[in-house]
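# Breakdown of the fold
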Amino acid sequence: MKLDARIPSGAIAEKWDKHRFEMKLVNPANKRKHSVIVVGTGLAGASAAASLAELGYSVRTFCYQDSARRAHSIAAQGGINAAKNYQNDGDSVYRLFYDTVKGGDYRAREANVYRLAQVSVNIIDQCVAQGVPFAREYGGLLANRSFGGTQVSRTFYARGQTGQQLLLGAYQALARQVSAGKVEHHSRTEMLDVVLIDGRARGVVTRNLVTGEIRTWVADAVLLCTGGYSNVYYLSTNAMGCNVTAAWRAHRRGAGFANPCFTQIHPTCIPVAGEEQSKLTLMSESLRNDGRIWVPKKADEKRRPPEIPEGERDYYLERRYPSFGNLVPRDVASRAAKERCDAGYGVGTTGYGVYLDFKDAIDRMGQNAISERYGNLFQMYEKITGEDPYQTPMRIYPAPHYTMGGLWVDYNLMTTIPGLHALGEANFSDHGANRLGASALMQGLADGYFVIPYTLGHDLATADLPTVSENHEECRRTEEEARQRVERLLSIDGKRTVDDIHRELGRLMWNEVGMSRTREGLKKTIARIPELREEFWKNVTVPGSGEHLNQSLEKAGRLADFLEFAEVMARDALEREESCGGHFREEHQTEEGEAMRDDDNFSHASVWEWKGENQAAELHKETLEFEHCKPTQRSYK
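### Overview of helix α1 (residues 15-22)
Along α1, the residues classified as buried are Lys15, Trp16 and His19. Here the buried residues of α1 occupy an arc of 90 degrees about the axis, which is enough to place them on one side. Where α1 is buried, its residues contact α5 (110-129) and α12 (440-462).

### A look at empty space enclosed by the protein
Unoccupied space between atoms shows up once a probe the size of one water molecule is rolled over them. One pass over the full model with this rule turns up four cavities of 30 Å³ or more. As a volume, the largest cavity reaches approximately 180 Å³. Contributing to the lining of the largest cavity are 15 residues, with Leu192, Arg485, Val486, Leu489 and Gly557 lying nearest its centre. The element best represented in the lining of the largest cavity is helix α16 (residues 551-575), accounting for five residues. Classifying every residue of the lining of the largest cavity by side-chain character gives six nonpolar, two polar and seven charged. Put simply, the second largest cavity is a space of about 60 Å³. Around the second largest cavity sit Thr263, Gln264, Ile265, Asp331, Ser334, Arg335, Asn434, Met515 and Gly582, which together line it. Every element with two or more residues in the lining of the second largest cavity is listed here: β11 (263-269) and α9 (330-342). Looking at side-chain class alone, the lining of the second largest cavity contains two nonpolar, five polar and two charged residues.

### Topic: the layout of surface pockets
By volume, the second largest pocket amounts to about 710 Å³. Lining the second largest pocket are 27 residues, with Leu235, Val272, Tyr397, Trp510 and Asn511 positioned closest to its centre. Those elements that place two or more of their residues in the lining of the second largest pocket are α9, β15 (394-403) and α14 (498-513). Take the lining of the second largest pocket: its biggest share by element is five residues, from α14. A breakdown of the residues in the lining of the second largest pocket according to their chemical character gives 15 nonpolar, seven polar and five charged. Among the domains, domain 1 (266-400) and domain 2 (473-623) are the pair contributing at least three residues each to the lining of the second largest pocket.

### Structural notes on the sheet that holds strand β17 (residues 420-422)
Pairing between the strands of a sheet comes from backbone hydrogen bonds, and it takes one of two forms, parallel or antiparallel. Strand order in the open sheet made by the five strands is β5-β2-β1-β9-β17, with parallel pairing throughout. Edge strands, defined here as strands with exactly one partner in the open sheet, are β5 (183-186) and β17. Averaged over all pairs of adjacent strands, the angle between their axes in this sheet comes to 20 degrees, without regard to strand direction. Strand direction decides the pairing type here: strand β1 (residues 35-39) and strand β9 (residues 221-224), joined by four bridges, are parallel.

### Here's the deal with the domain arrangement of the protein chain
Each domain of the protein chain was delimited in the assignment, giving domain 1 (266-400) and domain 2 (473-623). Taking only C-alpha atoms, the centre of domain 1 and the centre of domain 2 are 31 Å apart. Residue-level contacts link 12 residues of domain 1 with 11 residues of domain 2. Joining domain 1 to domain 2, the criterion identifies two salt bridges. Ionic pairing is found between Arg503 and Glu276, a salt bridge with its closest N-O pair at 3.5 Å. Taken together, domain 1 and domain 2 are joined by two residue pairs in polar contact (both at pLDDT 80 or more).

### So, the packing of aromatic side chains
According to the stated counting rule, one finds 26 aromatic pairs in the structure shown. Their ring planes at 70 degrees and their centres at 5.2 Å tell us that Phe97 and Tyr114 sit as a pair that is edge-to-face. With Phe97 in helix α4 (residues 93-103) and Tyr114 in helix α5, the pair connects residues that are 17 residues apart, well separated along the chain. The residues Phe97 and Tyr114 share a single accessibility class, namely buried. For the ring pair Tyr106 and Phe626, a centre distance of 6.2 Å and an interplane angle of 80 degrees mean the geometry is edge-to-face. With a gap of 520 residues between them, Tyr106 in the loop between α4 and α5 and Phe626 in the segment after β19 (618-623) connect regions that are remote in the sequence. Both residues of the pair, Tyr106 and Phe626, belong to the buried class. Members of the aromatic cluster, joined through ring pairs, are Tyr229, Trp248, Phe257, Phe565 and Trp610. Residue placement shows Lys102 over the ring face of Tyr636; its charged tip is 4.6 Å from the ring centre. For the cation-ring pair, Arg215 lies above Trp217, with the distance from its terminal atom to the ring centre recorded as 3.5 Å.

What counts as what
- Sequence order as written defines the numbering, with residues in each chain counted from 1.
- Predicted model: local features are reported for residues with pLDDT of at least 70 only, side-chain atom pairs are reported and counted for 80 or more only, and whole-chain, interface and lining totals are derived from all residues.
- Think of the side-chain values as coming from all heavy atoms in the structure, minus any hydrogens and water.
- The cut-offs for exposure are 20% and 50% of the maximum accessible area for each residue type, with area from a 1.4 Å probe on protein chains only; residues under the lower value are buried, those over the upper are exposed, and the others partly exposed.
- Here a helix means four or more residues in a row that DSSP labels H or I, a strand means two or more in a row labelled E, and each is numbered from the N terminus.
- Each C-beta atom gives one direction from the helix axis, and the arc is the one those directions make.
- In what follows, residue pairs with any heavy atoms lying within 4.5 Å of each other are defined as contacts.
- Definitions used throughout: a 1 Å grid over protein atoms alone; a cavity as a set of points that fits a 1.4 Å probe which cannot get out; a pocket as an open set with protein on both sides within 12 Å along at least five of seven lines; a lining residue as one with an atom within 4 Å of a point.
- Grid points are joined across faces, edges and corners, and a volume is the space filled by probe spheres set on the points.
- Asp, Glu, Lys and Arg are counted as charged, while Ala, Val, Leu, Ile, Met, Phe, Trp, Tyr, Cys and Pro are counted as nonpolar; the rest, among them Gly, fall into the polar class.
- By convention here, the domain bounds are inherited from an automatic or database domain assignment.
- Here a strand pair is declared whenever DSSP counts at least two bridges between the two strands.
- Between the N-to-C directions of two axes lies an angle of 0 to 180 degrees, each axis being a line fitted to C-alpha atoms and, for a helix, fitted only over the stretch in contact.
- In what follows, salt bridge is the name for a side-chain nitrogen of Lys or Arg lying within 4 Å of a carboxyl oxygen of Asp or Glu.
- Polar contacts, as used here, are pairs of N or O atoms within 3.5 Å; protein pairs need one atom able to donate a hydrogen and one able to accept it. Residues neighboring in sequence count only if both atoms are side-chain atoms.
- For Phe, Tyr and Trp, where Trp contributes only its six-membered ring, two rings pair if their centres lie within 6.5 Å, and the inter-plane angle classes them as stacked under 30 degrees, edge-to-face over 60, or tilted in between.
- Each ring is checked for a lysine NZ or an arginine CZ that lies within 6 Å of its centre and within 35 degrees of its normal; such an atom marks a charge sitting over the ring.

Laid out in structure tokens, this is it:
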């Protein structure tokens, strides 16, 4: 495996403009001759498909949901970052670049991050033109609020529904192209494998989730926009259908998987209520703008929040990080909450919760003002918990959320497989070891609207693309392998359900590869996962057949991939003998309990290569150079 990041030369502020000029182009008449497959139709996929079709390419899109509008991007709540500096508070492209590199604990590629900051300003204009109803100030200008890890207000938002409104904007653009006949869309269709012909990605194998039909589709290029893998923990804030299958199948075909241990634990989620719970619910980070986080100063406190006097409350983030207070980055806030709960100061029936209190904000601004900002989030919290957050503080606790690791891509968003591109959360490129809040939506739309339309053209203009059909021998072979895999899952006839085994895997991963990791725990996990994988293939039960809708079969296929991926994730965490961002090794921390990086030995992206069934993956390294953001000890005090 060769890792060539293809980072353009020149000053960082000029790299993208220079690169766009130097790339080869496909003229308008020839664009119609090229076909592109887009897997996943969230923000990255829908924006990419709509943009490419608008340019003239022939596009096919696939999603396993019943509609592109059901992509998990719709669940993002708080906002989208952009360096517009509307507040005149000192923001700039360079400051967004700096905050993102620093927030990622100096484990991201500078050139990609700077480009992200550059195109962020265009995203807002694009979305406003599409009719996205961003919040506005009294005079009509777009409003901004703050998010963790920054000291400026750069986050554009639509109450607590920002992801939903942005996805509807991208979906409308996609639907327009479907109506025009430029996009052929396939809902309820899951990708099972990537087809390689002469070393290049030329198609995918899919299964129709309603009819069970397995078939191959070919194209000149494939874009994977399939999100992250935090459902490896079983319980996460992701939709239950989110999975690693598309990325993992690509990995097995030769795509490098970068930094799999870089996962984000979100600090503001509704705590787990019971053993049989199937997913967790996120409370937007935007709530930390006006909510104050605290725990009682007395351990094992049993009094209700209103009964605890102000002097007996520990606003621990404000105490430990006076400069940023409740708006420290997610990894810092999550670890601080865990530390307080582990020390016995947690709240709720389990003791694993902290308070997010809006009393001061309501007293200062009034309940109507808070309702205008966060009303739908307060309503959602009350429906789930039965508690009124206007009257009593929310209870929150960290939970698996976003994944910074993903398929390795170069500056052009192409994986180590020619012709296979990864966009949005499916790639690793922009967030390092920790993503700042409101940057996921920014990256997904940046990749789809403003990066891939340029870089894909260069790939198509420079590639050798002989005509191929679905009858090509590699298509038939890959399709047959996918079919045999489905038949194997259906034939096991064991005693344990898919959810039962997935829950055991998730518990193992959360305890040992979750918010904190130890050498001993990681070695235990690496030893246990192959045993659990063997148990799955011998003793799982998948009722029904493959010839109709069968959600047990869907989940079994995804769990089979999680059981392979989890081992690489744990190996990556063991190999990275440092703490950085969301990857916290207890052996590597400061006296104050903060992450301790090892820049001399780990200023690199860890890229894993598949070596075969039951074979240890091979590690490759992309050295990260920091010319503009010199690595320093992160401090938010």
